[in-house]
Amino acid sequence: MNQAAVKSDTQAIVVDEIFPHAPEMIWKTLTSGDLISRWLMEPAGFEPVAGNQFTFQTKPAGAWDGTIHCEVLEVVPNERLAYAWKGGHAGNDGYGSQLETVVTFTLSKAETGTRLRLVHSGFVLPKNDTALKNMSEGWRKILPRIGTIADEQD
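Residues numbered from 1 in each chain as written. Predicted model: local features only at pLDDT ≥ 70, side-chain atom pairs only at ≥ 80, totals over all residues. Heavy atoms only, no water.

Counting 39 residues, the largest nonpolar core has Trp39, Leu40, Phe56, Tyr83, Trp85, Phe105 and Trp139 as its most contacted members. If you tally residues by element for this core, the top one is helix α3 (residues 129–142), at five residues. Not counting residues within four places of it along the chain, the set of residues in contact with tryptophan 39 comprises Thr29, Leu30, Phe105, Trp139, Ile142, Leu143, Arg145, Ile146 and Ile149. (Core = buried A, V, L, I, M, F, W, Y, C linked by side-chain atoms within 4.5 Å. Buried < 20%, exposed > 50% of the residue type's maximum accessible area, 1.4 Å probe, protein only. Helix = DSSP H or I, 4+ residues; strand = E, 2+ residues; numbered from the N terminus. Contact = heavy atoms within 4.5 Å.)

The structure is reproduced here in structure tokens:
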């Protein structure tokens, strides 16, 4: 791989969890609006269909109204879900700085169930330092909730 081609100014958050559930159960928690609202935030208009646009609403900051604009980029049932995650405002520094990222969930079989790998990519440094730090902590806290919700569905 050509190292010069790798952008050194972008970072990604990577979180791996293994759940004692079938991929279909984990997939359901990732693609059902009612369940997403229980582990992440309530999505407005979410459908697991490529091209579908939806939003999340979070705490506003400065010139940003707190709306996270998303678009489903890829759907491979029980294997992969990716969506664009855009928010913030160019006039903001720190929390609420402009963000144009992609969230990808990849499911694979593990010995004891399903491995879920989250990659949230595209954080531009130093502009998105605050978002990278906060969302790294956030994803690590909330991803395990998927297992709790899957337990309730079993």
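For the bond from leucine 125 to proline 126, the omega torsion is 5°, close enough to zero to count as cis. Structurally, proline 126 is set in the loop between β6 (113–124) and α3. The backbone phi angle of asparagine 78 is positive, close to 65°, even though this residue is not glycine. With respect to the helices and strands, asparagine 78 occurs in the loop between β3 (67–76) and β4 (80–87).

What follows deals with the packing of aromatic side chains. For the structure shown, the criterion picks out nine aromatic pairs. Both rings, one in phenylalanine 46 and one in phenylalanine 54, keep their centres 4.9 Å apart while their planes meet at 85°; by these two values the pair is edge-to-face. Accessibility classification places phenylalanine 46 together with phenylalanine 54 in one group, the buried group. For the pair tryptophan 64 and tyrosine 95, a centre-to-centre distance of 5.9 Å together with 55° between the ring planes defines the contact as tilted. You can see tryptophan 64 sitting in the loop between β2 (53–57) and β3 and its partner tyrosine 95 sitting in the loop between β4 and β5 (99–110), a full 31 residues away along the chain. A relative accessible area of 10% means that tryptophan 64 is categorised as buried. Using a relative accessible area of 32% as the deciding quantity, one classes tyrosine 95 as partly exposed. Through pairs of rings, three or more aromatic residues link up here, namely Trp39, Phe46, Phe54, Phe56, Tyr83, Trp85, Phe105 and Trp139. Over the face of the ring belonging to tyrosine 95 we find lysine 59, whose NZ or CZ atom lies 5.1 Å from the ring centre. (Phe/Tyr/Trp six-rings, centres within 6.5 Å; stacked < 30°, edge-to-face > 60°. Lys NZ or Arg CZ within 6 Å of the ring centre and 35° of its normal.)

Below, the discussion takes up the pairing of β3. Inspection of the sheet shows β2 paired to β3 by five bridges, in the antiparallel sense. Its bridge partner lying in β3, phenylalanine 54 is registered against cysteine 70. Here β3 runs beside β4; their pairing, made up of seven bridges, is antiparallel. The partner of valine 76 across the bridge, within β4, is arginine 80. Turn length for the β3-β4 hairpin, with the two strands adjacent in sequence and antiparallel, is three residues, and the turn residue asparagine 78 shows positive phi of about 65°. (Pairing = 2+ DSSP bridges.)

Below, the discussion takes up the sheet that holds β4. In sheet architecture, strand pairing relies on hydrogen bonds along the backbone and comes in two forms, parallel and antiparallel. Pairing is antiparallel in the open sheet, where six strands are placed in the order β1-β6-β5-β4-β3-β2. Either end of the sheet is taken by a strand with one partner, and the two such strands are β1 (10–19) and β2. When the angles between neighbouring strand axes are averaged without regard to direction, this sheet yields 25°. Contacts from helix α1 (residues 23–31) reach β1, β3, β4, β5 and β6 within the one sheet, and its direction differs from that of β5 by about 160°. (Axes fitted to C-alpha atoms, helices over the stretch in contact; angles between N-to-C directions.)

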